[in-house]
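Residues per chain are reported as follows:
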Amino acid sequence: MVELLVVISIIGMLAGLMSVAIPKAMESGKKAKAKGELTAIVAAVKAYKQEYGRWPGANTSSDTTFKGGDSESLLAALSGTSSALVENPKSVRFLEGASPGGVMVDPWKKNQYLILVDTDESNSLSYKGKTVSISVLAVSFGKDLVQDADPTKGDDVFSADLK
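Residues numbered from 1 in each chain as written. Predicted model: local features only at pLDDT ≥ 70, side-chain atom pairs only at ≥ 80, totals over all residues. Heavy atoms only, no water.

A. Molecular detail of the nonpolar core. Of all hydrophobic cores here, the largest spans 24 residues; its most connected members are Ile41, Val45, Leu75, Leu78, Leu95, Met104 and Ile115. Listed by contribution, the elements that provide at least two residues to this core are α1 (2-52), α2 (69-78), β2 (114-117) and β5 (136-140). Ranked by the residues each element gives to this core, the list is headed by α1, at 8 residues. The contact partners of Ile115, leaving out residues within four places of it in the chain, are Ile41, Thr64, Thr65, Phe66, Ser71, Leu74, Leu75, Val136, Leu137 and Ala138. One finds Leu114, Val139, Phe158 and Leu162 within the second-largest nonpolar core, a separate group that totals 10 residues. (Core = buried A, V, L, I, M, F, W, Y, C linked by side-chain atoms within 4.5 Å. Buried < 20%, exposed > 50% of the residue type's maximum accessible area, 1.4 Å probe, protein only. Helix = DSSP H or I, 4+ residues; strand = E, 2+ residues; numbered from the N terminus. Contact = heavy atoms within 4.5 Å.)

Right, here's the structure in full:
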């Protein structure tokens, strides 16, 4: 009888330890998935530039930020499913994973990704007051779904290291 109680208590302790470890592992998996999707978006935008000799969106005197509906139109163009073939006249499929309408949400299933593109060709982007020497930056706002005030802290996930 005592042996049975010892076995049950050991199983209970293991179950208690796993109830803490599983949510942490799930969160790490979501962050890794977001990072992978962000990296794929950046690669697709760069492939678009290579194919057409210009960045997607209007070439302007300032950098272009794609969010919400703008993000949908960008991702639709990168997926080769844009109904307006102005953005991707050859219908090249630069990106897999976005829905036909161009919707691609983060692993927390709430927000679309924020994508910044250096359309002014300055070889740098500014994000939350921090200038980084990259041409494309993609961001997920993480589990709390809120853009962090400081890009080096918080749960936001980036396609590049901003530290």
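B. Seen up close, α1. If you check α1, its first and last C-alpha atoms are 75 Å apart, about what 51 residues at 1.5 Å a residue would give, namely 75 Å. Positive backbone phi, approximately 75 degrees, marks Gly53, located one or two places after α1. (Expected span 1.5 Å × (residues − 1).)

C. Fine view of the packing of aromatic side chains. Applying the stated criterion across every chain, the model contains 4 aromatic pairs. Ring geometry for Tyr48 versus Tyr52: centroids 4.8 Å apart, planes at 55 degrees, classification tilted. Of this pair, Tyr48 and Tyr52 both sit in helix α1, 4 residues apart, which is roughly one turn of the helix. Summarising the burial analysis for this pair, Tyr48 and Tyr52 share the class buried. Seen in terms of ring centroids, Tyr127 and Phe158 are 5.5 Å apart; in terms of plane orientation they differ by 80 degrees. Their pairing is edge-to-face. Separated by 31 residues along the polypeptide, Tyr127 in strand β3 (residues 125-127) and Phe158 in strand β6 (residues 157-158) bring together distant segments of the chain. Among the residues examined, Phe158 registers a relative accessible area of 9% and is labelled buried. Three or more aromatic residues joined by ring pairs form one cluster here, namely Tyr48, Tyr52 and Phe94. (Phe/Tyr/Trp six-rings, centres within 6.5 Å; stacked < 30°, edge-to-face > 60°.)

So far we have only geometry, and geometry alone does not tell us how the molecule works.
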